[in-house]
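One letter stands for each residue in the lines below.
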Amino acid sequence: MTTREGSLEAPTRHPIDWKNPEYWQEPKIVAEMGRIFDICHGCRRCVSLCNTFPTLFDLIDEGPTGELDGVPKEKYWDVVDQCYLCDLCYMVKCPYVPPHPWNVDFPHIMLRAKAYEFREGRMKHPVRDRLLSSTDRNGKLATIPVVVQAVNAGSRSKPLRALGEKIVGVHKDAWVPQFAPRKFRPNAQASRSHAVRDGALSPGRVAIFATCYVNYNEPGIGHDLLKILDHNEVPYVLLDKESCCGMPKLEQGDLDHAWEWATEGMRLYAEAGDPTGIAMHLDDLGELALLDGDPTFALRLAGAAEGVREKIAGGAPPTLVQNTDYVANARSALPGPGAEAAWAAGRALDRDAAIAEALESRRRPSGPSEAG
Ligand code: SF4
Ligand code: SF4
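These numbers come from a predicted model, not from an experiment.

### Focus on empty space enclosed by the protein
- In total, this model carries three cavities of 30 Å³ or more according to the counting rule given.
- Of the pockets and cavities examined, the largest cavity occupies roughly 120 Å³.
- What lines the largest cavity is a set of 19 residues, and nearest its centre among them are Cys40, Cys46, Phe53, Cys94 and Val104.
- Every element with two or more residues in the lining of the largest cavity is listed here: helix H1 (26-41), helix H2 (52-61), helix H4 (88-93) and helix H5 (106-119).
- Among the elements that make up the lining of the largest cavity, the one with the highest residue count is H4 (three residues).
- Here the lining of the largest cavity is composed, by residue class, of 15 nonpolar, no polar and four charged.
- Counted as a void, the second largest cavity has a volume near 90 Å³.
- Broken down by secondary-structure element, the contributors of at least two residues to the lining of the second largest cavity are H2, H4 and H5.
- Split into classes, the residues belonging to the lining of the second largest cavity amount to eleven nonpolar, one polar and one charged.

In structure tokens form, the structure reads like this:
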């Protein structure tokens, strides 16, 4: 095994291989957890990030051997329970993320384990998790006038919290956010008519996706953002018909629900005319097309994303150009003129045609397309 230190190259994020039957096989999941846990045991950099790593290291240190082989494999799932998929260990700490040959992607193996538990119905608190992850529905119900005061008072009541702990499994002392009597979206100030001035690397207009938390719990964050944009004379628009981004469902391992809601995001960005959001979603779908075994369609969508990006000043900001590894992988899977033809055909699509094709692609069965 190599001993080369990591963090010397830009990280590569491998796609989530959730259409592959092996992704769902418990022995393979447990084996991959064991491989990564053992590397983490020898490293321990992430001990202060969250409760996941202390849980793992305590299991190892308190075991009979002081090594991972002393931890019963059933205990691996206790580690999984502690991760809330914030991605920090991958993004800021780990020197062994790909392309390092050790290929440590801790959040991805946690997601895989959670998705397996969800699909197998092995969640420890299914009622609590389903309830809390329905943030949009909770927000709509809890912010009804009068109801909102009752909900907030209930979440501060010690007897009710003790009862809630017994019934749904939310610890009586856990911090829970309050709901706002005045939601963000209906009370957001409309943008003043500032002229659109494109920057060197970003468009001069902002489309705002407020999120459930800002809309229902912390509207002040949204109002402050609008004031900053207005002060800087940047026109903005709120995305129409906003819905949950799907992240709370993803955190439960509910990949199907998360996929459905994330797809809705592209429709919203399209309606707002936001090219960076559309291009990002086209790339995500291109990556999925490659995973479905369709490099031709992946390159077509990659070309479409590039075309959408180029229609704004100087292309998208670099931080928004993600997932481009899949393009290189699709090209290697499809050498020759076919790759260039698919890419060029995608670039020639106008924005609306590209969006329609991308969304339609998720409805057809997996497998190579005739696109090109
Ligand atoms: S992704 Fe999970 S394990 Fe990594 S820092 Fe976040 S909560 Fe902890
Ligand atoms: S995720 Fe990476 S940095 Fe964190 S403990 Fe594991 S090997 Fe070390």
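### Re the site of ligand 2
- Surveying the vicinity of ligand 2 reveals the residues Ile39, Cys40, Cys43, Arg44, Arg45, Cys46, Phe53, Cys94, Pro95 and Tyr96.
- Grouping the amino acids of the shell around ligand 2 by side-chain chemistry returns eight nonpolar, no polar and two charged.

### Re helix H15 (residues 275-291)
- Between its first and last C-alpha atoms H15 spans 24 Å; for 17 residues at 1.5 Å apiece the expected length is 24 Å, and the two agree.
- In terms of burial, H15 is largely enclosed, as 14 of its 17 residues are buried.
- Gly293, located one to two residues past H15, shows a positive phi value of around 85°.

### Re the packing of aromatic side chains
- Considering all chains together, one arrives at seven aromatic pairs under this definition.
- Residues Phe53 and Phe106 carry aromatic rings whose centres are separated by 4.5 Å and whose planes lie at 40° to one another, so their mutual orientation is tilted. Taken together, the residues Phe53 in helix H2 and Phe106 in helix H5 connect sequence positions 53 residues apart. This pair shows no difference in class: Phe53 is buried, exactly as Phe106 is.
- Aromatic ring contacts, followed pair by pair, group Phe37, Phe53, Phe57, Tyr76 and Phe106 into a single cluster.
- One cation-aromatic arrangement involves Arg122 over Trp77; the distance from NZ or CZ to the ring centre is 5.0 Å.
- The ring of Trp343 has Arg331 sitting right over it, with the charged end atom 5.0 Å from the ring centre.

### Details of the confidence of the model for the protein chain
- Residue-level pLDDT values for the protein chain average 84, and 89% of them are 70 or greater.
- This model gives residues 364-368 a pLDDT under 50, and the stretch forms ten contacts once residues within four places in sequence are excluded.

### Digging into the site of ligand 1
- Around ligand 1, the structure places Leu49, Cys50, Thr52, Phe53, Cys83, Tyr84, Leu85, Cys86, Asp87, Cys89, Phe106 and Pro107.
- In this structure the site holding ligand 1 corresponds to the second largest cavity.
- Secondary structure elements with two or more residues in the shell around ligand 1: H2 and H5.
- Counted by class, the shell around ligand 1 contains ten nonpolar, one polar and one charged residues.

### Re the pattern of salt bridges
- Tallying each qualifying case throughout the model produces 13 salt bridges.
- When the shortest N-O distance is used, the salt bridge between Asp129 and Arg128 registers 2.9 Å.
- Exposure remark for Arg128: the relative accessible area of 22% places this residue in the partly exposed category.
- Between Glu233 and Arg197 there is a salt bridge, and its shortest N-O distance comes to 3.8 Å. One end of the pair, Glu233, is in the loop between helix H12 (219-231) and strand E2 (236-238); the other, Arg197, is in the loop between helix H10 (184-187) and strand E1 (206-208), and 36 residues separate them in sequence.
- A relative accessible area of 44% means that Glu233 is categorised as partly exposed.
- By relative accessible area, which is 52% here, Arg197 ends up exposed.
- Here the residues in one salt-bridge network are Lys75, Asp78, Asp81 and Lys124, joined through shared partners.

Parameters at a glance
Residues numbered from 1 in each chain as written. Chains lettered and ligands numbered in written order. Predicted model: local features only at pLDDT ≥ 70, side-chain atom pairs only at ≥ 80, totals over all residues. Heavy atoms only, no water. 1 Å grid on protein atoms, 1.4 Å probe; cavity = no way out; pocket = protein on both sides within 12 Å on 5 of 7 lines; lining within 4 Å. Points joined across faces, edges and corners; volume = space filled by probe spheres on them. Helix = DSSP H or I, 4+ residues; strand = E, 2+ residues; numbered from the N terminus. Nonpolar A, V, L, I, M, F, W, Y, C, P; charged D, E, K, R; others polar. Near = heavy atom within 4 Å. Expected span 1.5 Å × (residues − 1). Buried < 20%, exposed > 50% of the residue type's maximum accessible area, 1.4 Å probe, protein only. Phe/Tyr/Trp six-rings, centres within 6.5 Å; stacked < 30°, edge-to-face > 60°. Lys NZ or Arg CZ within 6 Å of the ring centre and 35° of its normal. pLDDT = per-residue confidence, 0-100. Contact = heavy atoms within 4.5 Å. Sits in = over half its atoms within 2 Å of the grid points. Salt bridge = Lys/Arg side-chain N within 4 Å of Asp/Glu carboxyl O.

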